[in-house]
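# Summary of structural features
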Amino acid sequence: MPNDQPVRLRADADPTERRLTVVDQALRLFAEKGYEATTVDEIAEAAGISRRTFFRQFRSKEDVVFADHESQLARARAFLDAAQGDPWDAVCEAVVEVFERFTQWREIAARRYRVVRQVPTLREREIVTVFRYERLFTDYLRRSLQGTSDLALVQFTAAVTATHNYLLRRMVRGESQASPADLRTALAEIPRGGRESAAASAQMVVAVFPRDLSPRQVADLLERRLDTL
């Protein structure tokens, strides 16, 4: 569809498609006219809906900028609710699915990035939105991995979210063609609640020496013994 003309939604368009069409047209207008200068009536006209319909779907212009995140969060929550197997892997797969959908909506993601960079209130809303993903993942891990260090869970979800956002931002800026497979590989490198600590312990060497050895003798003996491992 031409980007400079109002669009008309198909009668059989599903709710997600309808919302994304409004988001797409709103972001186009924000980029062309500026966020503050664009009115709700202009967005509604461009998207082929009434003002009343707009406010049934969104509470404000700010909400329309992040509307696709609402559907993303809902999908991620449903995915985790149904997940089986390793909870760490489930969080990673939920994040990969989010990333994959953003690659399908790449132009919308790129437009939002450009608009958000220019509006301080939208940047603040973006920070809150990122935190909502982190909280969703952390709450899931808390339920699934009771007894695991809470700090380890928070560190993991923060790293997972940051890795997703880093690759997504590079993609929308045209600096990378990162794929879901690239993200999955990067997520596999993130420490998972003590697994690496256990691996490190497996490499620990315990040595016993006579009490009367000097520090120099201990060091020399350690060096010789370690060379044989």
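In short, a report on the structure. (Residues numbered from 1 in each chain as written. Predicted model: local features only at pLDDT ≥ 70, side-chain atom pairs only at ≥ 80, totals over all residues. Heavy atoms only, no water.)

### Describing empty space enclosed by the protein
Test applied: Residues are called lining when one of their atoms sits within 4 Å of a cavity or pocket point, these points coming from a 1 Å grid over the protein atoms alone, where a cavity is a set in which a 1.4 Å probe fits but cannot get out and a pocket is an open set with protein on both sides within 12 Å along at least five of seven lines. Grid points are joined across faces, edges and corners, and a volume is the space filled by probe spheres set on the points. Segments assigned H or I by DSSP are reported as helices when at least four residues long, segments assigned E as strands when at least two residues long, and all are numbered from the N terminus. Three classes are used: nonpolar for Ala, Val, Leu, Ile, Met, Phe, Trp, Tyr, Cys and Pro, charged for Asp, Glu, Lys and Arg, and polar for all others, with Gly counted as polar.
All told, the structure shown has one cavity of 30 Å³ or more when counted by the stated rule. If you add up the space inside the largest cavity, you get close to 280 Å³. Lining the largest cavity are 19 residues, with His69, Phe102, Glu126, Asn165 and Leu168 sitting closest to its centre. The greatest single-element share of the lining of the largest cavity, amounting to six residues, is contributed by helix 9 (residues 150-172). Tallied by class, residues from the lining of the largest cavity come to eleven nonpolar, five polar and three charged.

### A look at the nonpolar core
Applicable threshold: In this description, a nonpolar core means a group of buried Ala, Val, Leu, Ile, Met, Phe, Trp, Tyr and Cys residues linked to one another through side-chain atoms lying within 4.5 Å. Burial classification: accessible surface area is computed with a 1.4 Å probe over protein chains only, and a residue below 20% of its type maximum counts as buried, one above 50% as exposed, and the rest as partly exposed. Every residue pair with non-hydrogen atoms within 4.5 Å of one another is taken to be in contact.
Within the largest apolar cluster, 59 residues are counted, with the highest numbers of intra-cluster contacts made by Phe30, Val64, Val65 and Val91. In terms of residue count, the dominant contributor to this core is helix 6 (residues 87-104) (ten residues). Ignoring any residue separated from it by four or fewer positions in sequence, one finds Val91 in contact with Leu80, Phe137, Tyr140, Leu141, Phe156 and Val160.

### Thoughts on the packing of helix 9 against helix 10 (residues 180-187)
Where we set the bar: The axes used here are C-alpha line fits, helices contributing only the stretch in contact, and every angle between their N-to-C directions lies in the interval 0 to 180 degrees. Crossing chirality is assigned from the near helix's rotation relative to the far helix, an anticlockwise turn below a right angle marking it left-handed and a clockwise turn marking it right-handed.
Between helix 9 and helix 10, the shortest axis-to-axis distance is 10 Å and the interhelical angle comes to 145°. Considering only the axes of helix 9 and helix 10, their crossing is right-handed. Along its contact with helix 9, which presents Val160, Thr163, His164 and Leu167, the element helix 10 presents Asp182, Leu183, Ala186 and Leu187. For the contact of helix 9 with helix 10, the class distribution of residues is five nonpolar, two polar and one charged.

### Quick word on the side chain of Thr138
Of note, Thr138 is situated in helix 8 (residues 120-144). We classify Thr138 as buried; its relative accessible area is 6%. Those residues in contact with Thr138, other than ones at most four positions away along the chain, are Leu153, Val154 and Thr157.

All we've got here are geometric facts, nothing functional implied.
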